[in-house]
Structure formats: structure tokens, C-alpha cells
Amino acid sequence: MTVGTRSTPAVRAASGRRAGARGVSRKAATIAFLSPAMAVIGVFVAVPIALTFWISLHDWSMYTPLSEMSWRGLGNYRDLLAGQEFFTALRNTAIYVLLVLVVTIPLALALGMLLYFPKSAGKGLARAALFSTYVVPAIAIAIVWGALYAPDYGPIAQAFAAVGLDAPAWLSDPGTALVSLVVFHVWQMIGYYTILVIAGLTQIPLDLYEAARIDGAGFWRQTVSVTLPLLRRTTTFIVLIAIINAIQVFDPVYILTQGGPAESTTVLSFAIQRSAFQYGMAGQASAMAFSLLLVLIAVAGAVLAAMRRRS
Amino acid sequence: MRRVARVATGLAFTLVILVPLFPLYWMVISALKGPEELQKIPPTWFPADPTFGAFGEVFQVIPFGGAFLNSVLIAGVSTVSVLVTSVMAGYVFAKYRFRGREVLFWAVVATMFLPPIVTLVPLYWLVSTMGLADSYLGVMLPWLANAFGIFLMRQFIADVPDELIDAARMDGASEARILWRVITPLLRPAVVSLAIFAFVFYWNNFLWPLSILQSDDKFPVVLALSRLLSYSTSVRYQNVVMAGALIASVPTMLVFLLAQRVFVRSVARTGVKG
């Protein structure tokens, strides 16, 4: 595409006249092009972060004007630390995130290698199937998982019965409900992480494998000495993204368990939304939200530091 | 040994295809079952007497058609806005030099990792103070631009050769003309993948509409679906709920199937969820 043919002689003549004004016009363009995005992100992302902290220092019912807030200082944080709900939610979230990581990382690495290395006809189909779960609305597919987990009417219970096992009660047992949600989460997100692993694998030069083979390294040896070390950046990135995605899980909790049974699936995001919008305790909800942000920053920092130390 | 490996690989492939698709299969067959068959224990794995009645019923029990159109409107407008704002901001971050550019850019990128739940309460306050609670504009406004789109566009626009832009400037093209007529046509794959990302994200977005909307005539389809579920918890109405879930999933699945390659490639390139 040539640009010159697109401008008319009139435009070309005008350019001469505007030559001196070019710096000004570039500056004007910077402001014009940048301001819509910056206005939205500034007003609806940056300002709210500060406001979250500000509201967390107050008593506020959410549905009254902000001017009717009353100052509480760190009172909301004291309440969080004194009560049960926050620690329950924090513990559930931590377990949830850890389980997601423990399953997701090895599985994504294994699936990535499976869908990258073999020369197989089914590869494209498998990638598409694996990734398709990521685009289905979480609400719609969580409803389906509710049916899959159902005792008696559900196929999972039937499959357990077929091999002579007693199926757990899944979502209705406080001991298994959180794990059931983890299974759903991994099922929905694993294709996405697998694609990231595949992208990382394409960056590894194939002659490294050639050299390893000449040295007599088998598949396992190659995986341990070539693939995994060279995937370290990708893996760190996936760990971070998986933490961020898992720490904010909300939709399946809302649809399938509402935090129950016996608060066993009350994760932080659900507790925050519930305190604010059902209990009208916006100050306390904001204290939880701001704590979540601090936890997230600390965890992300720790992951990055651990990664840097090892390399 | 070699044969064992081949059988194992084949088995793994089969699982990798079946496990993701099974819940989708269950959604389809449950939507096709009648009330009697749904109550059977053990459940049937293939509908004995498939019927499409549930697909009509879901539009009668709740205003599902309206909800579908609401989602089209909300996801459509948000997607277009994200495309326009991201191309503009991405161009500035990729090609203009000004003080504080890097700091501003990375500050924007940092917001990409912010869980929306953290700012939900003040966002609700801001939007309702603007008088936009329970309105279409209120649902869309906070999401009309996002860091992910800006990041993606900057990456792609950085690859556009500077000579092309300089040549256009020599010819006297205005900055706006350069952006829309010279650069944007080169960004087709990036624009397509961002459009898909944004559309899927806004179509599936649940937390914000749940928090800001009250009247069901403004509900997007995922919110309508969650209400439908709470009305009809009995297993005999499951076909209606599943029909709703299926209809709600069609647009994003369709978009994915049509542009699967671009979509997967752009995930690989950016590695971040929009």
C-alpha cells in the first residue's frame, strides 16, 4: 500500500503550510487519541482503587450518599481480624487457588507437550476442543456442571455407581464442595493455559532436542533438561495468571453454591459482593477488597522473587 | 515399548477431546429431553424421545429474547468502543514520544491484572452517583476501554515501520488520517482477535451487570439465565434451563469456531485474558 497515491495535491500543498505547526498537531493528536481510553481507565479503574481504600475506612451502607459515611479509621480491618467470615473466606480462597495451581500447572505442561510434539492428525481438533470451554459463558456451563454433579440424576454419580463406588455428594457436602468448584475451574481454564504452554514450546529451538538425542537423552531426560528449564518464563507467567484468575472466582460460586454448604465455598470475591450488595456493609466489603488486593500484590511479588532467585 | 507409547498417546488424545466436550454434550441432550425422561434414575445418556419444546418454552417463562438482544447491544457497543479506544491509545504508546510515556503505559498495563471485584463497591457508587444505575449506559461505561486492548494494539502497531508513517506525513496526511487510513488497515489480524476477545469477555461478563442492574428488561442473557435457574430448581424443568444455557452459549461458540485460528494465535501472542 503506498501512501503517496492517497493524498490529493490539495493535501500536499496544505502540508507545506502546516509544516511549522506539526509539533503542535502531534501534541494535539496525543491528547485526542489518548484521552478517551485514559478517561475511562482513570475514572473507572484508578480512582476506584483509591476509593476502595477510602471507603474501607468508613461505615457505609452502600445505598446512601457517600456524604453519609462515618469515619471508622481502621475499625473495619479490626472487625475483619476479630471475626470469622474474613478468615474463612481467606482460607477457602487460599485452598482454592493452591488446588487450582497444583492441578493446572503440571496438567497444562503435559497437555502442551502432548499437543505440540507428536505429529498427529487429531492435534487441531484436540486443541479446538480443549480451548472451546474457555469461550462458553461461565454461567451457562456452571449450570451444566450442577447437573453433572447432581446425585442420582447426574452422569458422574452414575459412572461411580457403574464401577461400584459410592459417589461423593460433591456440591452438597462441605468436605467436597470446594474441590468440585476447583474441578470445574480447571476444566474451563485448562485449554487457555495449554495454549500458553504451546506458545512457549514454539520458542524452543528444535536443534536443542536434536543435540540431546545425539547425547542419548530419551523423552524424560529431554523434558527435564531441555523443555522444563526453557519453559521457566512461560511457567512463571502461567502461575501468575492462574493465581489472578483463581483468586477472583465468582460466577460458579454464585450459581452453584452461594458460598455454602456451611460456608465451605465462601471465597473472598463472593464474600465481598455479598457484604456489599446483600448485607449493605460497604465499608467492611471494601476492607476485604483492599486486603485482597494487598494479598494479591504480596503473592505476585513472592512468585516473581522466587523466579528471579532461581535463575 | 513403542507400541505402548502410541496407544497411550492415542488414549490421551481421545480424553483431551472427550473431557472438554462432554459437558457441552450433556447440555445439548438435557435440553432435548422431556420432563419425564429428565426424572429418570439413572439418567439416560442419549435422549430417547428428543423434543425441541424447551427451546420455545425458555422464551415464554422469562423475557429471554429481550435478554439476548440486550447482550448483543451491550457486548456489541462495548466491543466497538474498545477497538476504537485501543487503536488510538496503542498508536500513541507505540509511535509517539513524550515525557512519562513508559510510566503511563506500564501503569495502564498493571490495571490489566486488577481483579474487578476489588473495585466493585466504588464502581457501583460512581456509576449510581452519575445517575446511571440500572441503565444500559451504566453497564457499559466502565468497560468502554481496557488495558488489554491497548497493550495488544501497542504490540502490533510497534511492528508497523516508521518509514510508512513518515512517508504519509511528508504527503501531508493528518495524524488522524495516518491512524485510520495507513495503520489500521495493516492491523486486521490484531483487530479481529481483539474484537473476538472483547466480545467473548463482554458477552460472558456477569459480576458487574449483576451488581448494577435491577430491572429484568435490561438483563443480559447470562443474568437472565441465572434468574431462570433460581425459578426452576426442580429437575423436571432442567430442559428449559439447558435450552437457555445452550442459546446463551451459541454466539461466543460461533465466534470462536469461525475465527479459531486467529483467536488461539493471539492468546499465544499476548498470553493474557481480556
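Residues numbered from 1 in each chain as written. Chains lettered and ligands numbered in written order. Predicted model: local features only at pLDDT ≥ 70, side-chain atom pairs only at ≥ 80, totals over all residues.

Draft legend 1. Representation of the overall build of chain B. For chain B, the helix and strand inventory stands at 15 helices and 0 strands. Radius of gyration (C-alpha) of chain B: 23 Å, far over the 19 Å computed for a compact globule of 274 residues. Referenced to the eigenvectors of the C-alpha coordinate spread, the extents of chain B come out at roughly 75 × 65 × 35 Å. Out of the 274 residues belonging to chain B, those deemed buried represent 47%. Across chain B, the fraction of contacts at a sequence separation of at least 24, relative to all contacts at a separation of at least 6, is 77%. (Helix = DSSP H or I, 4+ residues; strand = E, 2+ residues; numbered from the N terminus. Rg over C-alpha atoms; globule rule 2.2 N^0.38 Å. Buried ≥ 20, exposed ≤ 12 C-beta atoms within 10 Å, placed from the backbone. Contact = placed C-beta atoms within 7 Å.)

Draft legend 2. Representation of the overall build of chain A within the structure. The number of helices and strands found in chain A is 14 helices and 2 strands. In terms of overall dimensions, chain A has a C-alpha envelope of 85 × 75 × 45 Å along the principal axes. For chain A, the proportion of its 311 residues judged to be buried stands at 38%. Within chain A, contacts between residues separated by at least 24 positions form 68% of all contacts whose residues are at least 6 apart in sequence.

Draft legend 3. Representation of the domain arrangement of chain B. Residues and elements named next belong to chain B. Here chain B is partitioned into domain 1 (1-51) and domain 2 (62-270). Across the contact, 9 residues belong to domain 1 and 8 residues belong to domain 2. Only helix 1 (2-32) and helix 2 (35-38) provide two or more residues apiece to the side of domain 1 that touches domain 2. Element by element, the count of residues in the side of domain 1 that touches domain 2 is highest for helix 1, at 4 residues. (Domains from an automatic or database assignment.)

Draft legend 4. Geometry of the nonpolar core. With 163 residues, the main nonpolar core has Ile143 of chain A together with Leu225 and Ala245 of chain B as its most contacted residues. For this core, the leading source of residues is helix 8 (residues 177-201) of chain A, giving 14 residues. The contacts of Ala245 of chain B, once residues within four sequence positions are left out, are Ala140, Ile143 and Val144 of chain A together with Met27 and Leu225 of chain B. (Core = buried A, V, L, I, M, F, W, Y, C linked by C-beta atoms within 7 Å.)

Draft legend 5. Fine view of unusual backbone geometry. Here the bond from Gly260 of chain A into Pro261 of chain A is cis, since omega is -10 degrees, no more than 30 degrees from zero. For the peptide bond that leads from Ile41 of chain B to Pro42 of chain B, omega is -5 degrees, which places it in the cis range. Relative to the assigned elements, Pro42 of chain B resides in the loop between helix 2 and helix 3 (53-61). For Asp134 of chain B, which is not a glycine, the phi torsion comes out positive at approximately 55 degrees. Under the C-beta neighbour-count criterion, Asp134 of chain B is labelled partly exposed, with 14 such atoms within 10 Å.

Draft legend 6. View of the confidence of the model for chain B. When pLDDT is averaged along chain B, the result is 91, and 95% of the positions lie at 70 or above. Here the predicted complex scores 0.91 on pTM and 0.92 on ipTM. (pLDDT = per-residue confidence, 0-100.)

Draft legend 7. View of the confidence of the model for chain A. Mean pLDDT over chain A works out to 89, with 92% of the residues at or above the 70 mark. Within the model, pLDDT remains below 50 along residues 1-20 of chain A, and this stretch shows 23 contacts once partners closer than five positions in the same chain are excluded.

Draft legend 8. How the structure looks around the domain arrangement of chain A. For chain A, the assigned domains read domain 1 (21-46) and domain 2 (80-310). Computed over C-alpha atoms, the centres of domain 1 of chain A and domain 2 of chain A are 38 Å apart.

Draft legend 9. Structural detail: the interface of chain A and chain B. Across the contact, 84 residues belong to chain A and 78 residues belong to chain B. Looking at which element gives the most residues to the side of chain A that touches chain B, the answer is helix 2 (residues 22-56) of chain A, with 17 residues. Residues belonging to the side of chain A that touches chain B are distributed by class as follows: 60 nonpolar, 18 polar and 6 charged. (Nonpolar A, V, L, I, M, F, W, Y, C, P; charged D, E, K, R; others polar.)

Draft legend 10. Inspection of helix 6 (residues 120-129) of chain B at higher detail. Most of helix 6 of chain B sits out of view: 8 of its 10 residues are buried. Immediately beyond the C-terminal end of helix 6 of chain B, within one or two residues, lies Gly131 of chain B, with a positive phi of roughly 75 degrees.

Draft legend 11. Structural context of the environment of Arg72 of chain A. Residues and elements named next belong to chain A. Along the chain, Arg72 turns up in the loop between strand 2 (70-71) and helix 3 (75-82). Given 18 C-beta atoms within a 10 Å radius, Arg72 is considered partly exposed. For the pair Arg72 and Leu57, spaced 15 residues apart in the sequence, the C-alpha separation amounts to 5.4 Å. Here Arg72 is in contact with Leu57, His58, Asp59 and Gly283, once residues within four sequence places are set aside.

Draft legend 12. Inspection of the environment of Glu163 of chain B at higher detail. Positionally, Glu163 of chain B belongs in helix 9 (residues 162-170). Considered as a pair, Glu163 of chain B and Leu257 of chain B are 94 residues apart in the sequence and their alpha carbons are 37 Å apart.

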